[in-house]
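Geometric and topological summary
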Amino acid sequence: MKNLYRKWRSYRRDLKSLLLCLAVWLAAAITMLALAFIIGYILVKGIPYLTPELFAGEYTSENVSLFPALVNTLFMTALALLFAVPTGIGAAVYLTEYAGRGSRLVKLVGVTAETLSGIPSIVYGLFGSLFFVKFLGFGLSLLSGALTLAIMILPLVMRTTEEALKAVPDSYREGSFGLGAGKLRTVFSIVLPCAIPGILSGIILGIGRIVGESAALIFTAGTVAEVASGLFASARTLSVHMYVISGEGLYINQTYATAVVLLVLVILINAVSGYAAKKLGGGRGNEDADR
């Protein structure tokens, strides 16, 4: 009787494991199929309309060029990262290395960051319109859009950096202190280099949100279809460009072509960032192995 009961428990446990394994594979298959369908649909609908006129230097109602929006997207991404990345990394370093893990300040900042991450982008756009555009007088400009996007991705960069720093073994810090290094030198020479792959992962996610954002930028950066001449010039990004020309109803084919360019841009940025993270992470691993 006992043997029969044990066999039944083993069978039930194996059955649960099998069902969980099948559920995981099913979820992965659905995700991959959905991604493949979206990419395939965009490529099929957009590639035939990738014409040279679409990449003309100036936008007109005849060519509906995406080139100015492409340049503005690169400018916006670089500027938003310039504001968000140093601030986010610095805040994460303070919370992890100086404030003390588990303190009230760390918990408060964590709750605040999670709350900011859940705010809809349109709310950020309204805040940027009221504060940067009107109160500070920046107007509909590249600077207003970049500052708004920086606030949007700041919690993401800060939280991912914080988790990457926590993943660095404490033995590294103790070894550095034992060799006579100070706190600041340990952070910049030991902890941060080890956490670079995780930090870059957060930056990659932030770039994806910047490139794909449209609602917030309509209220802060405007929709002018020209290459931004300066920080206070109004400009549209690729996502805003797609929204504007699709709303007109006359350039649906060009909208799909713009989506192809946006998709390729995101893939390239992610590939370059992933390669950099892999090289930097591999280099740090080799150094540790040599030691």
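Residues numbered from 1 in each chain as written. Predicted model: local features only at pLDDT ≥ 70, side-chain atom pairs only at ≥ 80, totals over all residues. Heavy atoms only, no water.

1. Looking at the environment of G212
- The residue G212 is located in helix α7 (residues 183-212) in this model.
- Taking the C-alpha atoms as reference points, G212 and T237, separated by 25 residues in sequence, lie 9.0 Å from one another. (Helix = DSSP H or I, 4+ residues; strand = E, 2+ residues; numbered from the N terminus.)

2. Some thoughts on the packing of aromatic side chains
- If you walk through the whole model with that rule in mind, you get seven aromatic pairs.
- Arranged with centres 5.1 Å apart and planes meeting at 75 degrees, the rings of F131 and F132 form a pair that is edge-to-face.
- Look at F131 and you get partly exposed, because its relative accessible area is 33%.
- On the accessibility criterion, F132 (6% relative accessible area) is buried.
- Each ring, one from F138 and one from F232, has its centre 5.8 Å from the other, and the planes form 65 degrees; the classification is edge-to-face. One end of the pair, F138, is in the loop between α4 (121-135) and α5 (142-166); the other, F232, is in the loop between α8 (215-220) and α9 (238-248), with 94 residues separating them in the sequence.
- An aromatic cluster is present here, built from F127, F131, F132 and F135 joined pairwise through their rings.
- The ring of Y98 is capped by K183, whose NZ or CZ atom sits 5.7 Å from the centre of that ring. (Phe/Tyr/Trp six-rings, centres within 6.5 Å; stacked < 30°, edge-to-face > 60°. Buried < 20%, exposed > 50% of the residue type's maximum accessible area, 1.4 Å probe, protein only. Lys NZ or Arg CZ within 6 Å of the ring centre and 35° of its normal.)

3. Brief notes about α4
- In a regular helix each residue adds 1.5 Å, so 15 residues correspond to 21 Å; α4 covers 20 Å between its end C-alpha atoms and thus fits that length.
- Of all the bends in α4, the greatest measures close to 30 degrees and is centred on G128.
- Listed as buried for α4 are S121, Y124, G125, G128, S129, F132 and V133.
- At its buried positions, α4 is contacted by α3 (104-117), α5, α7 and α8.
- One or two steps after α4, the chain reaches G137, where phi turns positive at roughly 75 degrees. (Expected span 1.5 Å × (residues − 1). Bend = angle between axes of the 7 residues up to and from the residue. Contact = heavy atoms within 4.5 Å.)

4. Re unusual backbone geometry
- With a phi close to 50 degrees, V64 is a non-glycine residue in the positive phi region.
- Its location among the elements puts V64 in the loop between α1 (2-46) and α2 (67-98).

5. A short note on the confidence of the model for the protein
- The share of residues in the protein with pLDDT of 70 or more is 90%, and the mean pLDDT across the chain is 84.
- Low confidence marks residues 285-291, where pLDDT is under 50. Its contacts with residues over four positions away, or in another chain, come to three contacts. (pLDDT = per-residue confidence, 0-100.)

6. Here's the deal with α3
- For α3, with 14 residues, the first-to-last C-alpha span of 20 Å sits near the 20 Å given by 1.5 Å per residue.
- All buried positions along α3 are accounted for by V106, G110 and A113. With its buried residues spanning 65 degrees around the axis, α3 presents them on a single face. Along α3, the residues that are exposed and aim more than 90 degrees away from the buried face are R104, K107, L108 and V111.
- The elements touched by buried residues of α3 are α2 and α5. (Arc of directions from axis to C-beta.)

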